[in-house]
Each structure stands twice: as C-alpha cells, then as structure tokens.
Amino acid sequence: MFFSFNKSRFRGNWGGFTLKWYKALFQDAQIMSSLYYTISIAIISSIVATVIGTAAAIGIYKMDRKMKNLILNLTYIPVLNADIVTGVSLMILFIFIKLPLGFLSLLIAHITFNIPYVILSVLPKLRQLDNNIYEAALDLGATPGYAMRKVILPEIMPGIITGALLSFTLSIDDFVISFFTTGSGVSNLSITIYSMARRGINPKINALSTLMFIAVLSLLFVINMRWNKNEKESV
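Analysis parameters
Residues numbered from 1 in each chain as written. Predicted model: local features only at pLDDT ≥ 70, side-chain atom pairs only at ≥ 80, totals over all residues. Heavy atoms only, no water. Phe/Tyr/Trp six-rings, centres within 6.5 Å; stacked < 30°, edge-to-face > 60°. Helix = DSSP H or I, 4+ residues; strand = E, 2+ residues; numbered from the N terminus. Buried < 20%, exposed > 50% of the residue type's maximum accessible area, 1.4 Å probe, protein only. Core = buried A, V, L, I, M, F, W, Y, C linked by side-chain atoms within 4.5 Å. Contact = heavy atoms within 4.5 Å. Axes fitted to C-alpha atoms, helices over the stretch in contact; angles between N-to-C directions. Parallel < 35°, antiparallel > 145°, perpendicular 65-115°, else oblique. Left-handed = near helix turned anticlockwise from the far one by under 90°. Nonpolar A, V, L, I, M, F, W, Y, C, P; charged D, E, K, R; others polar. Patch = residues over 30% accessible without salt bridge, like charges linked within 9 Å, V, L, I, M, F, W, Y side chains within 5 Å. Areas by Shrake-Rupley, 256 points an atom, 1.4 Å probe, with all protein chains shown as cover. Salt bridge = Lys/Arg side-chain N within 4 Å of Asp/Glu carboxyl O.

A.B. asks: Explanation requested: the packing of aromatic side chains in the structure shown.
C.D. replies: Each aromatic ring pair is characterised by the separation of its centres together with the angle its planes make. For the structure shown, the criterion picks out seven aromatic pairs. Aromatic side chains Tyr 37 and Phe 103 sit 6.1 Å apart centroid to centroid with 50 degrees between the ring planes, which places their arrangement in the tilted category. With Tyr 37 in helix H2 (residues 29–61) and Phe 103 in helix H5 (residues 103–128), this residue pair connects regions lying 66 residues apart in the sequence. Since its relative accessible area comes to 18%, Tyr 37 is described here as buried. Exposure remark for Phe 103: the relative accessible area of 29% places this residue in the partly exposed category. Members of the aromatic cluster, connected to one another through ring pairs, are Phe 175, Phe 179, Phe 180 and Tyr 194.

See the structure below:
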C-alpha cells in the first residue's frame, strides 16, 4: 500500500507522493476487463448462491435429525476442502461433461463454493425462529407461499444478507478455484495480478492490491458487525 503512492517505479527509493499509478490502473484495458468479470461473477454468483442456499437451508432445517446431519456433513466438505482440491475437481467435472472453460464454468464454480456459506449463515436464524409463527400464519388463512414470503423470510433476512455479503467477498477474493475453472480470455482480478506479478512487480499491482484489500476489508467488517449483531439478538 505504501509503494502504491511512490512516484518511483522501484521499491528501493522513495520518489515522492503520487496518484499516477491509480490513474494508470484505470487506463489499463486488461485490468478493467478483469474488473468487469470480477464484479459480474461476484454479483451473479452471490445472488444465485443466496437464493439456492436459503432454499436449501430451509429444506435442511425441516429434515429429520439423521438426514439433517448427513446433508450438513456434505455441506461442510467444500468449506473444509483445500481450494486446490475443489478447483481441480470442478475442472475435471467440466471437462468430463464437455463444458467449455470460460465465463459460465467460472460462474458455476463460484456459485458452488458460495452455497455452503449461505446455508451456514441462514441456518442459525432458522434455529432461532419460533415454529408457531408459521403455523399461526397458516391458521389465519395465509397460503404456505405467502407465509414463507411475509413471515419466514423477514425473520431470517439478517442471515440471508450476511450470506450474500460473505459470498460476494469470497468471490472477489478467490484465486485458486478461479485459476482452474476459467478459460482463455476470461480472468478475474486475482488471476490478472498473478499473471502481472510473474513478469515483475508493476506499481499498478500495488495500487490494485491496495484497492482490493480495502474493498474486501470493508465487506468483512460489515459481515463481522452483522454476525455480532445476530449473536447478541440470539442471547
């Protein structure tokens, strides 16, 4: 971060304060293309993962104990697995089903590893929910769909928002899984930084890394605040 404001290209000496590397960063077509793919993938994958993960969490919550434990153990696998294992496994799967590696494969990969985090964010709010509220809504004439939209979802919305923010953050920050599941012409910022760093340290990398660090740190701060708020409400 310090060297992103250094006028000199070299780390060995301080040439004065400047913002030229940030200006050069936003004029770089390759970086802007990577930023477009990064934001697009993060937004789409977080929305899809949030919808699927929320529905899955509600379904898991309604299961009997043995089936619930089985599904939860399967849910933990992508979370506990090393990223390289998940990335290679998804790459082999895409090749096996003859899905071309590119934007779609990268999007599916991000949705896949984001869903468990949404499930694990929503389930605690479901456990805090009073089942009598849903049954009361049905007794008062609400349809199951209406009761779900107007009663259940508002009650678990903090967990849904937390899961969505966490998915967005993980998608922006991911490198290993993206590296194995993308194709030529499609890369996110993490892959672009890796490619640029192999050719030598460019001051634009310092500027880009600084902006990514601030963005991810801000999102994690918001997520942490929401987790603390949810824990206080559950006490």
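A.B. asks: Can you walk me through unusual backbone geometry in this structure?
C.D. replies: Most peptide bonds are trans, and most residues other than glycine sit at a negative phi. Although it is not a glycine, Lys 98 adopts a positive phi angle of roughly 60 degrees. Checked against the element boundaries, Lys 98 lands in the loop between helix H4 (83–96) and H5.

A.B. asks: Looking at this structure, how should I read the nonpolar core?
C.D. replies: It is characteristic of soluble globular proteins that their nonpolar side chains tend to be buried jointly. Core analysis: the largest hydrophobic core is formed by 26 residues, its most contacted members being Ala 57, Ile 119, Val 122, Leu 123, Leu 126, Ile 152 and Ile 156. It is H5 that provides the largest number of residues to this core, a total of nine residues. Aside from chain neighbours lying at most four places away, what touches Ile 119 is Gly 53, Ala 56, Ala 57, Ile 60 and Thr 75. Grouped together as the second largest cluster of nonpolar side chains are 16 residues, Leu 25, Ile 172, Ile 205 and Leu 208 included.

A.B. asks: Sorry, what's going on with the side chain of Ser 105 here?
C.D. replies: Mapped onto the fold, Ser 105 is located in helix H5. Classification of Ser 105 as buried rests on a relative accessible area of 0%. Setting aside residues up to four positions removed in sequence, Ser 105 forms contacts with Phe 94, Leu 99, Pro 100, Thr 181 and Thr 182.

A.B. asks: What is the right way to look at the packing of H2 against H5 in this model?
C.D. replies: Relative orientation and spacing of two packed helices are given, respectively, by the angle between their axes and the distance between those axes. It is the contact of H2 with H5, at a shortest axis distance of 6 Å, that shows an interaxial angle of 40 degrees. Judged on the interaxial angle alone, H5 and H2 are oblique. As for how H2 packs across H5, the hand of that crossing is right-handed. Considering only residue class, the contact of H2 with H5 consists of 21 nonpolar, seven polar and one charged.

A.B. asks: Where do I start with a nonpolar patch on the surface in this structure?
C.D. replies: Residues Ile 39, Ile 43, Ile 44, Ile 47, Val 51 and Ile 52 make up a contiguous nonpolar surface patch of about 480 Å² in total accessible area. With respect to the secondary-structure elements, Ile 52 resides in helix H2. Residue Ile 52 is classed as partly exposed on the basis of its relative accessible area, which comes to 39%.

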